[in-house]
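# Analysis of the macromolecular model
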Amino acid sequence: MFKPISLYIGLRYTRARRSNHFISFIALVSMIGLTLGVAVLITVLSVMNGFDRELKNRVLGMIPQATVSSTQILTDWPELAKKIESHPHVTGVAPFTQLQGMLTAHGQVAGIMVTGIEPKYETKVSIIQNHMVAGSINSLQKGEFGIVLGKQMADALGLGLNDNVTLVLPEATPSPAGVVPRFKRFKVVGIFSIGAEVDSMIGYIALNDASTLLRLPDGAQGIRLKLDNIFQAPQVANDIVKTLPPNFYASDWTYTHGNLFSAIQMEKAMVSLLLFLIVLVAAFNIVSSLVMVVTDKKSDIAILRTLGASPATITKIFMVQGTVIGVIGTVAGAILGIILATSISNVIDWLNTAFGWHLFDAYFINYLPSYLRWQDVVLIVSVSLILSFLATIYPALRAAKIQPAEALRYE
């Protein structure tokens, strides 16, 4: 027999088939509850981390993290861009001019936000160049009136590379036939696919072409900023504006997508709390199962005490038994959770394809992201093991208080 004796007997009790099958059932339920609780918690947190990552990398990679704009057209924007880029937290700058309108092609119409850009600057602040599926962002040249569209927009209008599309501006122009809206024909020179809502909302044209459409001097409405820390965007933008004339003002991503990010963080916290309660309930099941085991093993405890086992030894025996249940349930849940977290995106994609579902079209991205963070796994496993260990203390202390004479009186 190996030592310590408490570990040996505790493991024997864990493996032994009990005459009371209900106790075995409760212990099994406790183990399964821990497994499912840990697995679901890891999986759901990975999905929430995925949404958080996609918001930062994809959506905030396309929309401006921060902007510095003016009430007047910036004809000398290169000098302003160089000044802003000298800020220690700014990693890239690019000029922009925005206009809203409608695209029409093949009898289809869709609203769009068109941004005039300089391609060589835009690649410093945007991820668009990494997600081009046709053409190139560098094809946007002054006077050629080319346009780059998102794949969802192009598909909705039935457009492909080198097709023509008409941009209708809301500004009306007097003519002999009456007041008509202004429009301009563009050639599709590029198509990008981010896999997010921006694919159906945003288009890009050359910066000077945007000025021509708006009948403004060549220049830019503002400067777009890329930062080393997106959470410092409000502060950095305001600090820059303070150094500029009064006609400048700042904006940042928290105005457009801040509520979405806050909602994801809040949902992550609430879901984590609710799933943590599942793990807590499973730990309480360990308490109930061990209490019944202690009642079932009173005679064994009395015999061990008679043979010289100390109360501390009896306590350790039942703590070992409960801890083994917790360790097995937690480890099994961690393995299952890791498998689910790393494969759930592919499973959902397969279900969407196989059954023609569109489960995530209503979200800001049209697929289910998952990002497994090992620090989350370590935290969840640690909390589960600690709860499982704490759940063994009361039943084990109760077992140690059993008096041999009292237990054996009716045996």
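First things first, this report covers the structure right here in the doc.

The next point concerns the overall build of the protein chain. What the protein chain contains, in helices and strands, is 12 helices and 10 strands. Looking at the protein chain residue by residue over its 411 residues, the buried ones come to 48%. A fraction of 80% describes how many contacts in the protein chain between residues 6 or more apart in sequence connect residues 24 or more apart. Here the protein chain has roughly 20500 Å² of accessible surface; of this, 61% comes from carbon and sulfur atoms.

A word on a nonpolar patch on the surface. A surface patch of nonpolar side chains, amounting to about 410 Å² of accessible area, comprises Leu28, Ile32, Leu36, Leu336 and Leu340. Listing elements by their share of the nonpolar patch, those giving two or more residues are helix H2 (21-62) and helix H10 (311-355). Among the elements that line the nonpolar patch, the one with the most residues is H2, at three residues. In this fold, Leu340 is placed in helix H10.

Bringing the packing of H10 against helix H11 (residues 374-400) into the picture now. Two numbers describe a pair of packed helices, the interaxial angle and the distance between the axes. Two elements in contact, H10 and H11, have axes separated by 8 Å at closest approach and are oriented at 155°. When the axes of H10 and H11 are compared, the pair comes out roughly antiparallel. Seen from above, H10 lies across H11 with right-handed handedness. Split by residue class, the contact of H10 with H11 holds 17 nonpolar, eight polar and no charged.

Right, let's talk about the pairing of strand S8 (residues 202-206) for a bit. Across the five residues that make up S8, a large majority, five, are buried. As judged from the three bridges shared by strand S5 (residues 146-150) and S8, these two strands associate in the antiparallel manner. Looking across to S8, one finds that Leu149 is bridged to Gly203.

What follows deals with H11. The periodicity of an α-helix, 3.6 residues per turn, causes residues three or four places apart in sequence to face the same way. The end-to-end C-alpha distance of H11 is 39 Å, a good match for the 39 Å that 27 residues give at a rise of 1.5 Å each. Of all the bends in H11, the greatest, near 25°, is centred on Ile393, and the proline Pro395 appears no more than four residues after it.

Let's shift gears to the pattern of salt bridges. If the charged atoms of two oppositely charged side chains come close together, the side chains can form a pair. Within the structure shown, the criterion is met by three salt bridges. In this structure, Lys142 engages Asp218 in a salt bridge whose closest nitrogen and oxygen atoms are separated by 3.5 Å. With Lys142 in the loop between strand S4 (132-135) and S5 and Asp218 in the loop between helix H6 (207-213) and strand S9 (220-227), this residue pair connects regions lying 76 residues apart in the sequence. When its relative accessible area of 56% is taken as the criterion, Lys142 is described as exposed.

This part covers the nonpolar core. Generally speaking, a soluble globular protein has its nonpolar side chains buried in company with each other. With 54 residues, the main nonpolar core has Ile84, Val148, Tyr204 and Leu225 as its most contacted residues. Considering each element in turn, this core owes the most residues, seven residues, to H2. Ignoring any residue separated from it by four or fewer positions in sequence, one finds Leu225 in contact with Gln65, Ala66, Thr67, Val68, Ile84, Val90, Gly92 and Ile240.

Turning next to the packing of aromatic side chains. Here the structure, examined in full by the defined rule, presents four aromatic pairs. For the pair Phe145 and Phe186, a centre-to-centre distance of 5.6 Å together with 75° between the ring planes defines the contact as edge-to-face. Of this pair, Phe145 sits in the loop between S4 and S5 while Phe186 is found in strand S7 (residues 178-192), placing the two residues 41 residues apart along the sequence. For the residue pair Phe145 and Phe186, the accessibility class agrees, reading buried in each case. Across from the ring centre of Tyr121, 5.2 Å away, lies the NZ or CZ of Lys124, which sits over that ring. Directly above the aromatic system of Phe145 lies the positively charged group of Lys184, at a separation of 4.3 Å from the ring centroid.

Another aspect to go through is H10. Over its 45 residues, H10 runs 61 Å from end to end, which matches the ideal 66 Å to within 8%, given 1.5 Å per residue. A bend of about 50° at Ser343 is the largest found in H10. One or two positions beyond H10, positive phi appears at Gly356, with a value near 70°.

Cut-offs used in this document
Every chain begins its residue count from 1, and numbering advances along the sequence as written. For this predicted model, a pLDDT threshold of at least 70 governs which residues receive local features, and a threshold of 80 or more governs which side-chain atom pairs are given and counted, while totals over whole chains, interfaces and linings are taken from all residues. As a convention, hydrogens and water are excluded, and side-chain values are obtained from all of the structure's heavy atoms. Here a strand is any run of E in DSSP of at least two residues, a helix any run of H or I of at least four, and the numbering for each starts at the N terminus. Working definition: with a 1.4 Å probe on protein chains only, accessible area under 20% of the residue-type maximum means buried, over 50% means exposed, and in between means partly exposed. Contact criterion: two residues are considered in contact whenever any of their non-hydrogen atoms come within 4.5 Å of each other. Exposure was quantified through the Shrake-Rupley algorithm and a 1.4 Å probe, taking into account, for residues, occlusion by the shown protein chains and nothing else. Note that patches include only residues with greater than 30% relative accessible area and no salt bridge, and the join distances are 9 Å for like charges and 5 Å for nonpolar side chains (Val, Leu, Ile, Met, Phe, Trp, Tyr). Salt bridge criterion: a side-chain nitrogen from Lys or Arg within 4 Å of a carboxyl oxygen from Asp or Glu. Here an angle of 0 to 180 degrees is reported between the N-to-C directions of two axes, which are lines fitted to C-alpha atoms, with helices fitted over the stretch in contact. Here is the rule for angles: anything less than 35 degrees is roughly parallel, anything more than 145 is roughly antiparallel, 65 through 115 is roughly perpendicular, and the remaining ranges are oblique. In this scheme, a crossing is called left-handed if the near helix is turned counterclockwise away from the far one by less than a right angle; it is called right-handed if the turn is clockwise. Residues were grouped as follows: Ala, Val, Leu, Ile, Met, Phe, Trp, Tyr, Cys and Pro as nonpolar; Asp, Glu, Lys and Arg as charged; and all remaining residues, including Gly, as polar. Think of it this way: DSSP has to see at least two bridges between two strands before they count as a pair. By this rule, a helix spans an expected 1.5 Å times one less than how many residues it contains. For a residue, the bend is simply the angle between two axes, fitted respectively to the seven-residue segment ending there and the seven-residue segment starting there. Take the buried residues of types Ala, Val, Leu, Ile, Met, Phe, Trp, Tyr and Cys, join any two whose side-chain atoms come within 4.5 Å, and each joined set is a nonpolar core. Note on ring pairs: Phe, Tyr and Trp rings are taken, using the six-membered ring of Trp, and paired if centres are within 6.5 Å. Classes follow the plane angle, with under 30 degrees stacked, over 60 edge-to-face and the rest tilted. Criterion for a charge above a ring: Lys NZ or Arg CZ within 6 Å of the ring centre, and within 35 degrees of the ring normal.

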